[in-house]
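# Geometric and topological summary
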Amino acid sequence: MLTDVFTLTQPEKEKRLRDELTALVAHHRRACPPYARILDALGARDDAAALADLPWLPVRLFKTRALVSVPEDQVIRVLTSSGTTGEVSRIHLDREAAATQSRMLARTLATVLGPRRLPMLVVDRAGVVGDRRSYSARGAGALGMVNFGRDHLWLLDADDRPDIDALRTFLDRHGGEPFLIFGFTFMVWTYLYEVARAHGLDLSQGILVHSGGWKKLADRAVDNAEFRRRLGADTGLTRIHNFYGMVEQIGTVFLEGPEGGSLYCPDFADVIIRDPVTWREAPVGTPGLIEVLSTLPTSYPGHVLLTEDLGVVHGVDDGHWPGKRFSVLGRLPRAEARGCSDTYQGGTA
Amino acid sequence: MTVRMRFPAGGTVPVADLLAPDEAEPLTVGDPRVVDFLAGVSGRLLAPALARRHPELGSLGFFLRRRELLRAVERLRGTLAPDTLAFPRGRVFHVPPANVDTIFVYSWALSALAGNANVVRVSPRSAAAADAVLEVLNAGLAEADPVVARTQLMVTYGHDDAVTARLSAACDLRVIWGGDRAVQDLRRHPLAPAARDLTFPDRSSFAVLSVSGWAAASPHRRREVAIAFANDAYWFDQAACASPRTVFLVGPAEPAERVRAEFVALLDAAVRERGWDVDAAMAVEKRVGAYGLAADGGVRRMEFHRNALATLELTDVAATPRHWLGAGTFPFVTVPDLAELVPFVRRRDQTLTHFGFARDDLVELARRLGGRGVDRIVPFGAALTFAPVWDGHDLLREFVRLVTVTD
């Protein structure tokens, strides 16, 4: 599998990222006054001996504060995350950041999709893309991804029912050569896997790229291994790549290797697992909170973020691609306090 | 349109059943049948086994002792002119918060003591202590006069607007706890023209620590003070309306630095000793809160000593936050004297816990504030002690109707 973004060994990457991210810290400190005030209050220095020493922001801060590092008139796009509690992240992109993120996403995915656009099956309905100015997480995922395919089939109708006839037609036409399948993990399972199995459809030429987590599948006892095993056994689909990414670090995806089970970091990104008590980097094999680092965020200070996801590093420079191999284990529950007020929202007085 | 009966415990009943008139022997203010019942409840709450499991029920038990109840009624009568008679308001609908397990009992008990018929909405999200209280109340019914079970009702229902609307329309007084959002939410449902709301909106609370008072205190006393403050702050995750958040150090700047360092060290020790900690989710919440405040400006320094304890040095009083920053997050500001707080205080400020001041200084501060904000000024350790005067309201007085007879 040819790749130009999964190339650096961990020592090479750390050296390069440390320099680039240190420069980004200084850049955002100059360009984003709220970010500078946070770092000043922390007493953070401009230089870091190691990646783990770089100051991080809690990712939810993008839901409670506007953090932008470019003048307002240079912002060409504001991405918003979906939020179950009504809070949304607002991510500001200027022309350069927008171009870089889509270019680097393309290069990352080309590793598993190849250089050409493939026929594409989207396990979603066409309506999710909707308004291009206000992307929902589902829409943004689909919209970002649709550019990597051609002759798209949106599998679900307006009522979220899979269109079996259209799927048969798509497979008759494209199923004999590599084609791209994209969808959210639980939707792929619910709407594609179960339908394909029931109708005996052949997905063996497909390359599945999926994301979204396992929570909704947990009650069906489907984890990553089971997902891969059953898709392979029942539909012939074996080229399966889970990915982990977030709107707050748009363009950066941590991609599952062809062997399955581990996510890898592209050359311009890395993860650090932090012990949530000591906040120090956790050793390989020890779960903790996932910190994501990426050189792509230049128009907003999202270069070093502490997520609310739990993960574990399985190994370093010992897998299909170089660098760290890790898994996402789930989400930290939202903190709930006792108190007189029934609702708490950070940042609202 | 049905509700689940929690007190008297029972099945699901139509809302209309809650509103059936009770003609037989209406309750009076300080009715002995209610006093007997509440005093019995007090005894059960103070039973050692229960108090060990739910320490907050102990304070409730003390609050409901016969002597306290009679004193409250006497105090009410003492405030009335000779030509004034007090009677129950009628039917009171209580909507307490989900997160403080025992507020509903305080609110209800005083209203029952005033002789009202009560309907209390117990949140379906209520926690273990609430269930324990309900168990105690139900256990007390066997010995109680039947009027108690007929007129005092506690129910649980989900977010059913129709039920809320019906109960709102049928009550003489609606008591809304749970903050601004709960108040706004409930206010969508009209009351009868003569009825009114008693509301408990979002509040914020602070602590004041005298630098010279600290210097004058013995090492033993300082430890006690830190423990008392830890109780105030950590008991409800620093999220109760009366929980102190920002600490104002009052005195000259230079010794204030040393006082802060010593106070934080003793607070840390007190929290450790109690074994209080916060989980990873709360630790992240605290970062979101503190970093957000720093982003807004006014934070000179923030320090995360460990997950249970974070401190922030603010540049001035104006930077003081009024929103929750997560359990165990303490902004500090140094001011030369108490008067500095006067322009800062607002209507939503509720409790000021204090250490090291003379009574005259505190009374003087209250006078200068002129009731514009801060309803309670209480010593460290007493922040969460519920009192019959709360949020500026004399509750028992709110729960009665006055009739004057002039000859």
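Computed from a prediction, not measured in an experiment: that's the story for all the values here.

## Brief notes about the overall build of chain A
Of the regular secondary structure elements, chain A holds 9 helices and 14 strands. Within the span of chain A, comprising 349 residues, buried residues form 54% of the whole. If you take every contact in chain A between residues at least 6 apart in sequence, the share linking residues at least 24 apart comes to 67%. Element-wise, carbon and sulfur atoms account for 50% of the exposed surface of chain A, whose accessible area totals about 14,800 Å².

## Some points on the packing of aromatic side chains
In this structure the tally under the stated criterion is 38 aromatic pairs over all chains. When the centroid spacing of 5.6 Å and the interplanar angle of 80° are considered together, the rings of A:Phe254 and A:Phe326 count as edge-to-face. Highlighted residues: A:Phe254 in strand β9 (residues 254-256) and A:Phe326 in strand β14 (residues 324-331), separated in sequence by 72 residues. Per residue, the accessibility class of A:Phe254 equals that of A:Phe326, and both read buried. Among the aromatic residues, those joined into a cluster by ring pairs are B:Trp214, B:Phe229, B:Tyr234, B:Phe263, B:Trp276, B:Phe330, B:Phe332, B:Phe355 and B:Phe380. Lying over the aromatic face of A:Trp279, B:Arg287 brings its terminal NZ or CZ to 5.2 Å of the ring centre. The cationic tip of B:Arg322 hangs over the ring face of B:Phe344; the distance from NZ or CZ to the ring centre is 4.1 Å.

## Describing the sheet that holds strand β13 (residues 329-335) of chain B
Residue and element names in this part refer to chain B. Sheet architecture is open: 7 strands sit in the order β11-β12-β13-β10-β9-β14-β15, paired in mixed fashion. Taken across any chain shown, the strands that pair with only one partner, and hence form the sheet edges, are β11 (299-306) and β15 (376-379). In this sheet, adjacent strand axes meet at a mean angle of 25° when their direction is disregarded. Two elements, strand β10 (residues 244-250) and β13, share 4 bridges in a ladder whose sense is parallel.

## Here's the deal with the domain arrangement of chain B
Partitioning chain B into structural domains gives domain 1 (2-200 + 396-404) and domain 2 (204-379). The straight-line distance from the C-alpha centre of domain 1 of chain B to that of domain 2 of chain B is 33 Å.

## Quick look at the interface of chain A and chain B
At the interface, 36 residues of chain A touch 41 residues of chain B. Approximately 3,400 Å² of surface area, both sides summed, lies buried where chain A meets chain B, with 57% of it carried by carbon and sulfur atoms. On inspection of chain A and its partner chain B, the count reaches 2 salt bridges. A salt bridge links A:Arg60 to B:Glu285; the shortest N-O distance between them is 3.2 Å. One can count 7 residue pairs in polar contact (both at pLDDT 80 or more) joining chain A with chain B. Among the secondary structure elements, those contributing two or more residues to the side of chain A that touches chain B are α2 (33-42), β1 (57-58), α3 (61-64) and β13 (304-316) of chain A. Top contributing element to the side of chain A that touches chain B by residue count: α2(A), with 6 residues. Of the residues contributing to the side of chain A that touches chain B, the split by class is 20 nonpolar, 7 polar and 9 charged.

## Regarding the pairing of strand β12 (residues 309-314) of chain B
Side-chain direction in a regular strand flips from residue to residue, so the side chains alternate between the two faces of the sheet. Residue and element names in this part refer to chain B. A large share of β12 lies buried, amounting to 6 of its 6 residues. Burial along β12 is two-sided: the face carrying Leu309, Thr311 and Glu313 and the face carrying Ala310, Leu312 and Leu314 are both buried. In this sheet, β12 lies alongside β11 in antiparallel orientation, the contact comprising 6 bridges. Its bridge partner lying in β12, Glu303 is registered against Thr311. Between β11 and the antiparallel strand that follows it, β12, lie 2 residues.

## Side note on the sheet that holds strand β5 (residues 117-121) of chain B
Through backbone hydrogen bonds, the strands of a sheet pair up, either in parallel or in antiparallel fashion. Residues and elements named next belong to chain B. Here 7 strands make up an open sheet; going across it, the order is β2-β1-β6-β5-β4-β7-β8 and the pairing mixed. For this open sheet the edge positions go to β2 (9-14) and β8 (196-199), each flanked by a neighbour on one side alone. Each strand axis lies, on average, 25° off the axis of its neighbour in the sheet, ignoring direction. Looking at chain direction, strand β4 (residues 91-95) and strand β7 (residues 173-176) are connected through 4 bridges and run parallel. Of the residues in β7, the one forming a bridge with His94 is Val175. Where helix α10 (residues 179-186) meets the sheet, its contacts fall on β4, β7 and β8, and the angle it forms with β7 comes to roughly 150°.

## Things to note about the side chain of B:Asp232
All names here are of chain B. Among the secondary structure elements, Asp232 is positioned in helix α12 (residues 219-234). One buried charged side chain, Asp232, makes no salt bridge at all; its nearest oppositely charged neighbour is Arg376, positioned 7.9 Å away. At 2.6 Å, the side chain of Asp232 and the backbone nitrogen of Gly381 are in polar contact. Residues within four places of Asp232 in sequence aside, it is in contact with Ser243, Pro244, Thr353, Pro379, Phe380, Gly381, Ala382, Ala383 and Leu384.

## A look at the domain arrangement of chain A
Many authors give the size of an interface as the accessible area that is lost as the parts come together. Residues and elements named next belong to chain A. Under the domain assignment, chain A is made up of domain 1 (10-74 + 262-329) and domain 2 (102-244). Relative to domain 2, the C-alpha centre of domain 1 lies at a distance of 29 Å. Taken together, the two surfaces of domain 1 and domain 2 that pack against each other cover about 640 Å², and 78% of this comes from carbon and sulfur. For the interface between domain 1 and domain 2, the tally reads 0 salt bridges. Summed over the shared surface of domain 1 and domain 2, the number is 1 residue pair in polar contact (both at pLDDT 80 or more). Elements with a minimum of two residues in the side of domain 1 that touches domain 2: β12 (288-294), β13 and β14. Considered class by class, the residues forming the side of domain 1 that touches domain 2 number 9 nonpolar, 1 polar and 1 charged.

## Looking at the pattern of salt bridges
Scanning the model with the defined rule gives 47 salt bridges over all chains in all. Across the pair A:Arg65 and B:Asp296 runs a salt bridge, and its minimum N-O distance is 2.8 Å. With A:Arg65 in the loop between α3 and β2 (75-80) and B:Asp296 in helix α14 (residues 280-296), this residue pair bridges two chains. The class of A:Arg65 is buried, set by a relative accessible area of 12%. Overall, B:Asp296 belongs to the partly exposed group, its relative accessible area being 48%. A salt bridge links B:Arg66 to B:Asp36; the nearest nitrogen and oxygen atoms lie 3.0 Å apart. Linking B:Arg66 in helix α5 (residues 66-79) with B:Asp36 in helix α2 (residues 32-45), this pair joins segments that are 30 residues apart in sequence. Classification of B:Asp36 as partly exposed rests on a relative accessible area of 44%. Salt bridges sharing common partners tie together B:Glu257, B:Arg260, B:Arg300, B:Arg301, B:Glu303 and B:Glu313.

## With respect to the environment of B:Thr334
Residues and elements named next belong to chain B. Summarising the element assignment, Thr334 is placed in strand β13. Relative accessible area serves as the criterion here: at 32%, Thr334 is assigned to the partly exposed category. The spatial distance from the C-alpha of Thr334 to the C-alpha of Ala132 is 43 Å, given a sequence separation of 202 residues. With sequence-adjacent residues up to four places away left out, Thr334 is seen in contact with Leu249, Gly251, Pro252, Ala253 and Ala256.

## Quick word on the side chain of B:Thr156
Residues and elements named next belong to chain B. Position of Thr156 relative to the elements: it lies in strand β6 (residues 152-156). Among the residues examined, Thr156 registers a relative accessible area of 6% and is labelled buried. Of note is the side chain of Thr156, whose polar atom sits 2.9 Å from the backbone oxygen of Val122. If we ignore the near neighbours within four places in the chain, the residues touching Thr156 are Val3, Arg4, Arg6, Val122, Ser123 and Pro124.

What counts, and where the lines are drawn
- Residues numbered from 1 in each chain as written.
- Chains lettered and ligands numbered in written order.
- Predicted model: local features only at pLDDT ≥ 70, side-chain atom pairs only at ≥ 80, totals over all residues.
- Heavy atoms only, no water.
- Helix = DSSP H or I, 4+ residues; strand = E, 2+ residues; numbered from the N terminus.
- Buried < 20%, exposed > 50% of the residue type's maximum accessible area, 1.4 Å probe, protein only.
- Contact = heavy atoms within 4.5 Å.
- Areas by Shrake-Rupley, 256 points an atom, 1.4 Å probe, with all protein chains shown as cover.
- Phe/Tyr/Trp six-rings, centres within 6.5 Å; stacked < 30°, edge-to-face > 60°.
- Lys NZ or Arg CZ within 6 Å of the ring centre and 35° of its normal.
- Pairing = 2+ DSSP bridges.
- Axes fitted to C-alpha atoms, helices over the stretch in contact; angles between N-to-C directions.
- Domains from an automatic or database assignment.
- Buried area = accessible area lost by both parts, 1.4 Å probe.
- Salt bridge = Lys/Arg side-chain N within 4 Å of Asp/Glu carboxyl O.
- Polar contact = N/O pair within 3.5 Å; in protein donor to acceptor, adjacent residues only side chain to side chain.
- Nonpolar A, V, L, I, M, F, W, Y, C, P; charged D, E, K, R; others polar.
- Lys, Arg positive; Asp, Glu negative; His and termini not counted.

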